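For reference, the chains in residue letters:
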Amino acid sequence: WAKDPDAMATDSASSTATSVVFPKYNPLPSAKLLTFKKHEPFDVHTIYADPALLAPEVDTYIGKANISGMTDSKEGSIKVKVKLNIHGIVTVDSAELQEEVEVVE
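Bear in mind the structure is a predicted one, so any value in this text is a computation, not a measurement.

Undergrad: I'd like to hear about the side chain of K79, residue by residue, with values.
TA: Inspection of the secondary structure puts K79 in strand β6 (residues 77-84). Among buried charged residues, K79 stands out as having no salt bridge; its nearest opposite-charge side chain is E96, 8.0 Å away. Excluding anything up to four places from it in sequence, K79 contacts L33, L34, T35, S94, A95, E96 and Q98.

Undergrad: Talk me through the environment of G63; I want residue IDs and the actual numbers.
TA: Tracing the backbone shows G63 in strand β5 (residues 61-67). Overall, the relative accessible area of 15% leaves G63 in the buried class. The sequence separation of G63 and T91 amounts to 28 residues, and the corresponding C-alpha distance is 9.3 Å. Excluding residues that lie within four positions of it along the chain, G63 makes contacts with V44, H45 and T46.

Undergrad: So what's going on with the pairing of strand β7 (residues 90-98)? Which residues, and what values?
TA: Summarising the sheet, β6 and β7 pair through 8 bridges and their orientation is antiparallel. Following the sheet pairing, V82 is matched in β7 by V92. In this structure, the hairpin formed by β6 and β7 is closed by a connection of 5 residues, where G88 is found at a positive phi of approximately 85 degrees.

Undergrad: Provide a residue-level description of the sheet that holds β7, including the pertinent values.
TA: What the 3 strands build is an open sheet, ordered β3-β6-β7; its pairing is antiparallel. Since the sheet does not close on itself, it has two edges, and those belong to β3 (30-36) and β7, each with one partner. Strand-to-strand twist in this sheet, taken as the mean axis angle between neighbours without regard to direction, amounts to 20 degrees.

Undergrad: Let's hear about the pattern of salt bridges: which residues, and what values?
TA: Tallying each qualifying case throughout the model produces 2 salt bridges. Notably, a salt bridge pairs K64 with D43, separated by 3.6 Å at the nearest N-O pair. Residue K64 is located in strand β5, and its partner D43 is located in strand β4 (residues 42-47); the two are separated by 21 residues in the primary sequence. Looking at D43, the relative accessible area reads 33%, which means it is partly exposed.

Basis of the calculations
- Residues numbered from 1 in each chain as written.
- Predicted model: local features only at pLDDT ≥ 70, side-chain atom pairs only at ≥ 80, totals over all residues.
- Heavy atoms only, no water.
- Helix = DSSP H or I, 4+ residues; strand = E, 2+ residues; numbered from the N terminus.
- Buried < 20%, exposed > 50% of the residue type's maximum accessible area, 1.4 Å probe, protein only.
- Lys, Arg positive; Asp, Glu negative; His and termini not counted.
- Salt bridge = Lys/Arg side-chain N within 4 Å of Asp/Glu carboxyl O.
- Contact = heavy atoms within 4.5 Å.
- Pairing = 2+ DSSP bridges.
- Axes fitted to C-alpha atoms, helices over the stretch in contact; angles between N-to-C directions.

Structural data, given as structure tokens:
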């Protein structure tokens with residue numbers, strides 16, 4: 001992930017990261033599992049990576065998904081499953097908190 005330095009400078013809790021999840025010529029259908037080290041609700045925004053490939057009247061913004069409902073735990077990570085279907089439509093399929101628990105025997 002490439003951190004946005006402007007977002008980092010204003011508030012470390014609201015940091016912004018960008019990544020191309022489904023590059024040009026990505027096989028269809030496809031799914032990716034994204035990992036976030038967040039412990040409070042956040043939004044995942046989807047946009048077209050290269051506006052130059054779009055017609056001028058097409059908006060680059062696709063949509064957003066709000067990820068929330070996690071516990072008060074400060075451990076673990078959020079796994080978000082994102083899918084690209086055969087028609088090129090992106091959906092956020094699921095999000096789950098994964099915590100590592102140490103078992104003493």
